[in-house]
Amino acid sequence: MTGPLAPTDALRLEIFRHALVGITDEMSVTLRKAAYSTNIKTRLDFSCSLFDSRARTIAQSFAQPIHLGTLATFVPAILATYDGPLEAGDAILCNQGHLGGLHLNDVCLVAPLMIDGEPFAYAVAMAHHVDVGGGTPGSIGLHREQYQEGLIIPPVRVLHDGVIDRSVLAMLLENVRSPREAEGDLRAQLGSVSVGLRRFSELIAERGRPAVRRGIDDLLEYTHRRSVAAIAHLPRGTIEATDYLDDDGMTDEPVKITARITITDEKVTFDLTGCDAQRPSSINTTRGGTLSACAYALRCQIDPDLPINDGFYQVIDVITTPGSVVDSVRPAAIGAGADTVGRLTETCLRAFATVLPELAAADSKGSMMNISFGGVDPRTGRYFVYYETQAGGYGGRSGLDGIDAIQPHVQNTENAPIEETESNYPVRFLRYELVPDSEGPGRWRGGLGLRRDYVFEGDVTFSVMTERVRFAPQGLFGGGPARSNHFLRDPGGKADRFPAKFTIALRGGEVMSLQTAGGGGYGDVRDRDPDLVRADVAAGRISPQRAREVYAVAVDSPPSAAERATPGSDPTTEIQS
Amino acid sequence: MSGFRVAIDIGGTFTDVVLIDTESGERWTGKVLSTPHDPSEGFFRALDIALELAGVQIGACRSVLHATTVATNAVLTRTGGPAALLATDGFRDVLEIARQIRHDLYDLRTTKPLPLVAREWAFGIRERLRYDGSVLLPLDEDSVREAAAQIRASGIRSVAVCLLHAYVNPTHEQRVAEILRDEIPGVSISLSSVIAPEMREYPRASTTVANAYVGPVVGSYIASIEAGLRDRGASSGLWLMKSNGGLATAATALERPVEIIESGPAAGLAAASHYAALVGSRDVVTLDMGGTTAKVGMIDDGESLQTTAWEIGSSAGSGSAVAHGSGLPILGSVMDLVEIGAGGGSIAWIDPGGILRVGPRSAGADPGPACYGRGGTEPTVTDANVFLGRIGATSMAGGRLSLDGAAAAAAIARLADRLGVSSLDAAVAILDVADSAMIQATRLMTIRRGLDPHGYDLIAFGGAGPLHACRQATALGFRSVIIPPDAGVLSAFGLLASAPRVDHRVAFRRRIDVVDPAEVSATLDRIEAEAIARLPPEARGGDLRRDRAADIRYVGQSWDLRVAIPGGVFDAAAAARLRADFDAAHERTHGYAAPTALVEMVHLAISVAAPRPGIADRAVADRAVADRAVADRAVADRAVAAPVGAAPVGAAAGGDEGQRTARPSGSRPAFVDDGILLVEVPVYRFNGLREGDTLAGPALIDGDDSTTFVAGPFDCRVGPHRVLHLVAR
């Protein structure tokens with residue numbers, strides 16, 4: 001660490017930072033508004049960044065914290081791996097997940113800003129493409145090895161002298177189920193990096209190269225200093241926690257996730273060497289995903305206003321065993337590794353809760369809830385593929401109930417509107433509502449999960465890759481567990497229940513019901529204010545029976561207005577098979 | 001037509017009034033403290049003062065115009081309603097689920113915005129439409145009656161109805177409304193197919209529910225204002241400013257109260273449009289910098305830029321263009337503003353990494369900046385301006401509020417000590433950081449949309465806008481800077497410059513290559529007739545401005561772009577032209593076009609507006625304003641007026657006739673950009689300037705409401721109506 005900033009830099013650095021963040025924000029807006037697939041344009045599953053000539057992150061814009069560590073890992077690895085020429089007007093494409101993405105769906109585009117024949121900086125746009133080929137529509141299914149998960153694109157030059165390489169594009173589009181969306185999304189990514197390069201060039205023209213280079217160094221140094229100052233507020237020592245994934249989808253054997261976190265003056269070290277070895281299944285994750293989990297858990301404990309750049313990453317050390325579930329190597333499949341990232345995140349949060357209880361939240365729904373389906377669209381005769389993730393409950397907090405139906409922690413993707421989805425895809429929804437009684441009880445209860453019932457116009461292949469069917473979200477400090485995830489075919493009839501990871505063929509007209517987990521409770525349920533219980537009953541969040549049995553609060557008022565208006569709407573009555 | 005018009009704008013701190021004699025142009029202005037517990041109290045105090053000063057009776061006023069925050073506050077403080085929601089069975093949690101996202105990524109204690117209808121009052125109705133509007137499950141009328149019975153028993157009298165796909169086929173919603181009217185006497189009903197007939201159920205439900213939620217509050221507020229006006233013998237009607245910058249009669253506003261949620265900012269933009277027209281500038285960026293925030297807006301080709309989707313209650317200046325979800329979405333035309341937490345009261349501080357930051361925390365009015373001498377000790381942007389001589393010790397409020405320069409200097413010095421720099425460097429840096437945040441906001445407004453600031457003028461207003469305008473112009477390359485003479489009461493003035501206007505948009509999803517042009521024409525004609533029917537009766541005749549447009553996207557995209565449809569018959573050639581215009585707009589906005597890709601229309605939109613009234617503007621003034629320290633006293637603004645048109649539009653930038661070099665009234669030491677010391681800078685009194693005067697920067701112009709800083713490289717010319725026009729040499 002070098003000395004403090006010169007006083008004049010302390011006065012002007014904020015201005016430089018505004019300029020850089022403005023560029024990545026502009027890149028994000030361009031990508032979002034021009035993209036074709038719902039997952040990018042509506043659900044914001046993408047990330048835009050600027051890197052300096054040494055492949056250090058200097059500014060980022062994203063809505064998904066699961067991208068906190070991906071590009072920071074991915075981009076240096078792509079640049080180190082790519083051995084072709086690099087000229088002005090070029091851009092490199094890559095989805096080779098083990099270099100740092102979450103899965104093959106994360107397609108990364110890197111464009112250099114060339115000055116005097118040397119790269120001065122890079123503009124990068126990574127987006128989750130809805131399908132990259134492979135064994136299941138949406139490319140996120142149960143697979144034994146990566147080769148089943150889709151087209152693997154090593155770093156290749158897709159743009160040369162500002163012109164798309166038609167043969168690379170043809171190779172890509174021929175291998176995916178939704179070529180029109182893939183091409184539109186790739187063009188939106190190209191638009192995004194071109195905006196980034198243009199704005200960065202203007203910044204250099206305005207300030208001069210030396211000043212920009214010095215500004216970058218100062219900004220990273222400043223961020224590092226602030227990050228060190230922020231971790232100074234954490235208690236010194238080692239904390240740890242262990243949790244398990246339900247299974248790997250191929251066998252019933254739970255997957256151990258364990259984190260030992262050591263906080264020192266200048267570093268926070270995440271020792272993950274106790275995690276299980278990688279499995280012949282899609283649940284493995286990469287160094288990039290693992291860094292995201294650790295970085296997120298740490299950021300939640302410290303100054304939320306910290307810039308996100310290389311200066312922040314410098315305070316984080318992640319120790320893993322190559323070939324483990326949190327640092328998998330080829331040919332490990334990684335399609336559903338985000339659930340491992342999610343579990344690792346909450347395991348780290350549980351460790352922090354032991355020393356910072358006032359800040360902590362109990363377990364959330366604890367799974368990504370990857371849903372994908374595809375088939376021939378009866379409306380058009382063309383193949384279609386669709387991907388989304390569903391919200392669930394957030395854990396209770398000190399003084400605050402958990403949030404109902406929300407994306408927790410590293411995940412923050414929006415829902416796709418019912419009307420838009422029904423207009424564009426051969427699917428109809430029967431219900432999209434909260435699941436009463438799905439909360440973990442506690443002095444501060446968890447949030448409710450949600451229910452989304454699908455019925456298809458034609459035959460489809462339907463995949464769920466998730467977690468928390470077997471091991472429910474747990475409470476904190478005496479709070480109770482939440483209802484786990486439930487997947488039911490024909491919920492009003494036979495109600496066949498499915499495990500956390502499955503791919504099935506559904507016939508047109510068949511109903512599949514997704515009921516997501518609630519959040520765990522915080523604190524002893526006996527300390528809950530009875531008035532809050534009564535309010536939950538009045539709002540139909542908790543049944544009178546559960547109020548009586550779990551919260552020991554007798555509610556003698558008649559059922560709530562809403563319950564009377566929609567008799568039989570309580571989904572829990574339908575799943576007792 | 002002779003008579004008086006009076007305009008009242010209620011803001012967070014002050015209620016401003018402007019009374020105008022429409023024939024002579026004579027004007028009286030006043031400022032009283034707002035009365036948030038009962039805004040009508042401040043309204044009538046302001047009105048009475050203006051009437052008294054002018055010596056006229058309310059009966060002589062032919063219209064009373066009003067911009068109000070009553071609807072906004074009802075939502076922000078959750079004091080509207082109560083309201084109920086009827087939704088398709090299985091989907092009544094549309095408000096609870098919302099977008100399922102967190103607006104704050106790293107806060108474990110985050111929350112979702114609280115819905116305006118509690119879950120117990122959201123009912124499922126058995127019915128179902130398909131995506132194309134065809135009926136899958138007919139309406140079960142008993143399920144409506146069951147809900148109605150409970151609503152009736154509860155006392156709730158405002159009901160929102162939002163059924164799936166009702167924007168394609170409104171018949172189920174219409175039948176629900178009939179049943180509700182039968183079952184619940186006196187019920188007020190908001191249908192999603194009427195309020196916001198667009199695809200995507202959450203924003204449509206949110207907007208419809210907001211309409212139902214603010215209805216009762218707006219209704220009783222308007223009733224109390226109208227009763228007060230009647231008691232005073234008023235014969236004129238009450239007009240309200242809508243979010244889209246158009247006026248509505250009280251009666252039409254009550255039909256769609258959600259449309260007046262952004263009443264206040266719209267009035268400021270309307271005034272800026274007025275002055276832009278006066279000086280002949282059609283393309284303008286507006287900078288409204290007040291005490292807490294700065295708002296950047298845009299006037300493009302004479303019309304203030306609007307957006308059709310925004311959030312109420314979202315945190316200003318969240319810093320990321322992709323973060324949203326902190327507020328409640330509202331569909332409908334509203335002034336498109338980028339708002340950031342940088343105002344005169346924004347506090348400068350040193351963050352844990354040791355760098356200087358400004359805002360978003362503001363010293364507000366209490367204690368206010370250190371220089372107000374009311375106990376504030378933290379340095380603010382205003383303190384930096386005082387320390388650097390940009391604001392004189394006696395420049396505020398026409399000299400009646402004297403500033404404590406020593407307190408400002410002490411606050412700056414404390415900050416400078418901690419940074420290890422001189423006070424001068426610290427003060428200059430505070431302005432630089434605040435300016436850079438505003439430059440970023442302005443950049444979002446212009447460059448990000450593919451608009452080049454070199455083709456735009458910057459109109460700056462609000463208490464602090466005229467001090468910071470030159471820096472924006474230099475950084476972004478605006479053609480010129482325009483400072484209107486009424487910066488401090490601009491919103492109230494904007495009411496007088498506004499006219500009735502209705503924006504109407506309907507879903508119309510058709511591929512442009514196969515659309516039947518006759519269907520487009522017929523739909524445009526139909527929605528134009530619907531829009532005109534929503535204008536107040538008094539505004540329907542006459543020469544209406546009619547703007548038609550389509551929202552268009554490439555097939556597969558979700559985000560559309562608005563493209564104007566020229567008047568005249570819409571035929572195949574017009575469809576082809578529209579497609580080409582869309583490709584060009586996409587190229588401009590998103591950096592590429594795909595001329596061979598399929599294109600679809602998503603909405604058709606129409607805007608109908610009555611002509612804006614001409615306002616006689618004062619040519620010279622001997623003006624006084626209310627002392628901010630004793631703000632409840634209003635002072636007459638007795639101005640001799642020249643009617644609009646006496647000076648040719650565009651004369652500000654025109655020839656040399658009548659040009660005089662203005663004489664400064666004095667000088668004070670002030671910092672000029674790129675200087676190293678304070679230097680003596682000439683100071684002009686705004687009230688001593690006359691049309692045709694010129695002066696060269698660096699210079700300071702002390703006005704009653706604000707000080708204008710003319711930076712070194714700028715020349716300033718006093719245009720018609722004493723609009724200041726600053727152009728870089």
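The structure displayed is predicted, hence computed values, not measured ones. Once a new chain begins, its residue numbering starts again from 1 and follows that chain's sequence as written. Numbering of ligands from 1 and lettering of chains from A proceed in the order in which they are written. Where totals are concerned, whole chains, interfaces and linings use all residues; where local detail is concerned, this predicted model gives features only for residues with pLDDT of at least 70, and gives and counts side-chain atom pairs only at 80 or more.

Trainee: Which residues make up the overall build of chain B, and what are the values?
Mentor: Strands here are runs of E lasting at least two residues and helices are runs of H or I lasting at least four, both read from the DSSP assignment and numbered beginning at the N terminus. A count of helical and extended segments in chain B gives 17 helices and 36 strands. Here chain B holds 729 residues, and 58% of them are scored as buried. Any pair of residues counts as being in contact when their C-beta atoms, constructed from backbone geometry, are within 7 Å of one another. Across chain B, every contact between residues at least 6 apart in sequence was considered, and the portion connecting residues at least 24 apart equals 67%. Once C-beta atoms are placed from the backbone, each residue is buried if 20 or more other C-beta atoms lie within 10 Å of its own, exposed if 12 or fewer, and partly exposed for counts between those two.

Trainee: So, the overall build of chain A: which residues are in play, and what are the values?
Mentor: Of regular secondary structure, chain A possesses 13 helices and 20 strands. Radius of gyration here is computed from C-alpha atoms only, and the compact-globule reference equals 2.2 Å multiplied by the residue count raised to the power 0.38. In summary, chain A has a C-alpha radius of gyration of 24 Å against a globular reference of 25 Å for 577 residues, a match within 12%. For chain A, the C-alpha atoms occupy an extent of roughly 80 × 60 × 40 Å along the three principal directions. Per-residue burial over chain A gives 64% buried out of 577 residues.

Trainee: Would you mind going over the domain arrangement of chain B in detail, with residue names and values included?
Mentor: Residues and elements named next belong to chain B. As annotated, the domain borders come from an automatic or database domain assignment. Partitioning chain B into domains gives domain 1 (4–75 + 219–260), domain 2 (76–218) and domain 3 (501–609). Computed over C-alpha atoms, the centres of domain 1 and domain 3 are 35 Å apart. With six residues of domain 1 at the interface, the matching set in domain 3 holds six residues. Taken together, the residues of the side of domain 1 that touches domain 3 sort by class into one nonpolar, five polar and no charged. Lys, Arg, Asp and Glu make up the charged group, whereas Ala, Val, Leu, Ile, Met, Phe, Trp, Tyr, Cys and Pro make up the nonpolar group; the residues left over, Gly among them, are polar.

Trainee: Residue-level account of the packing of helix H5 (residues 179–207) of chain A against helix H6 (residues 209–231) of chain A, with values.
Mentor: Residues and elements named next belong to chain A. Axes, fitted as lines to C-alpha atoms, cover a helix only where it is in contact. Angles between the N-to-C directions of the axes lie from 0 to 180 degrees. Two elements in contact, H5 and H6, have axes separated by 6 Å at closest approach and are oriented at 115°. Between H5 and H6, the angle is such that the two are roughly perpendicular. Across from Leu 203, Ile 204 and Arg 207 in H5, the residues of H6 making contact are Arg 209, Ala 211 and Val 212. Partitioning the contact of H5 with H6 into residue classes produces four nonpolar, no polar and two charged. Throughout this description, any angle smaller than 35 degrees is read as roughly parallel, any larger than 145 degrees as roughly antiparallel, any in the 65 to 115 degree range as roughly perpendicular, and the remainder as oblique.

Trainee: Now, about the domain arrangement of chain A: what can you tell me, with residues and values included?
Mentor: Residues and elements named next belong to chain A. Partitioning chain A into structural domains gives domain 1 (7–225) and domain 2 (361–577). Distance between the C-alpha centres of domain 1 and domain 2: 35 Å. Between domain 1 and domain 2, the contact holds 20 residues from the first and 19 residues from the second. By residue class, the composition of the side of domain 1 that touches domain 2 is eight nonpolar, eight polar and four charged.

Trainee: Report on the interface of chain A and chain B, specifying residues and quantitative values.
Mentor: Across the contact, 79 residues belong to chain A and 65 residues belong to chain B. For the side of chain A that touches chain B, the secondary-structure elements that each account for two or more residues are helix H1 (7–34), H5, H6, helix H10 (418–424), strand E14 (427–434) and helix H13 (561–565) of chain A. Broken down by element, the side of chain A that touches chain B gets its largest block of residues, 17 residues, from H1(A). Of the residues that constitute the side of chain A that touches chain B, the class distribution is 38 nonpolar, 18 polar and 23 charged.

Trainee: Lay out the sheet that holds strand E10 (residues 268–271) of chain A with the relevant residues and their values.
Mentor: In any sheet, the strands associate via hydrogen bonds between backbone groups, in a parallel or an antiparallel arrangement. All names here are of chain A. DSSP calls a pair of strands paired once it identifies at least 2 bridges connecting them. Strand order across the open sheet formed by four strands is E8-E9-E10-E11, with mixed pairing between neighbours. Each edge of the sheet is formed by a strand with only one pairing partner; in this case those strands are strand E8 (237–245) and strand E11 (316–319). The sheet shows a mean angle of 15° between the axes of neighbouring strands, taken without regard to direction. Pairing between E8 and strand E9 (residues 255–263): nine bridges, direction antiparallel. Each residue of the ladder has a partner; that of Leu 245, found in E9, is Val 255.

Trainee: Any details on the pairing of strand E20 (residues 356–362) of chain B? Residues and values, ideally.
Mentor: All names here are of chain B. Among the seven residues in E20, five count as buried, and that is most of the element. The pairing of strand E19 (residues 346–350) with E20 spans four bridges and is antiparallel. If you follow Ile 350 over to E20, its bridge partner there is Leu 356. Hairpin remark: E19 followed by E20, antiparallel, with five residues in the connecting loop; positive phi at Gly 354, about 90°.

Trainee: Break down the nonpolar core for me, with residues and values.
Mentor: By definition, a nonpolar core groups buried Ala, Val, Leu, Ile, Met, Phe, Trp, Tyr and Cys residues that are joined through C-beta atoms within 7 Å. Judged by nonpolar contacts, the single largest core of 381 residues is most densely connected at A:Val124, A:Cys348, B:Val17, B:Leu85, B:Val209, B:Ile430 and B:Leu458. Tallying contributions element by element places helix H12 (residues 423–445) of chain B first for this core, with 13 residues.

Trainee: Describe the packing of helix H7 (residues 287–299) of chain A against helix H9 (residues 338–353) of chain A, listing the residues and the values that go with them.
Mentor: Residue and element names in this part refer to chain A. Closest axis-to-axis distance for the H7/H9 pair is 9 Å, and the angle between their directions is 30°. The angle between H7 and H9 places the two elements in the roughly parallel class. The way H7 lies across H9 gives a crossing that is right-handed. Contacts between H7 and H9 involve Gly 289, Thr 290, Ser 292, Ala 293, Cys 294, Tyr 296 and Ala 297 from the first element and Ala 338, Val 341, Leu 344, Thr 345, Cys 348, Leu 349 and Phe 352 from the second. We call a crossing left-handed when the near helix sits turned anticlockwise from the far one by less than a right angle, and right-handed when that turn is clockwise.

Trainee: Which residues make up the sheet that holds strand E23 (residues 501–511) of chain B, and what values do they have?
Mentor: Residue and element names in this part refer to chain B. The strand order across the open sheet built from four strands is E23-E26-E24-E25, with neighbouring strands paired in antiparallel fashion. Single-partner strands in this sheet number two, and they are E23 and strand E25 (561–565). Each adjacent strand pair in this sheet contributes to an overall mean axis angle of 25°, direction not counted. Helix H15 (residues 517–534) rests against E23, strand E24 (545–554) and strand E26 (599–609) of the sheet, and its axis sits at about 35° to E26. Sitting on the sheet, helix H17 (residues 572–590) touches E24, E25 and E26, and the angle it makes with E25 is about 140°.

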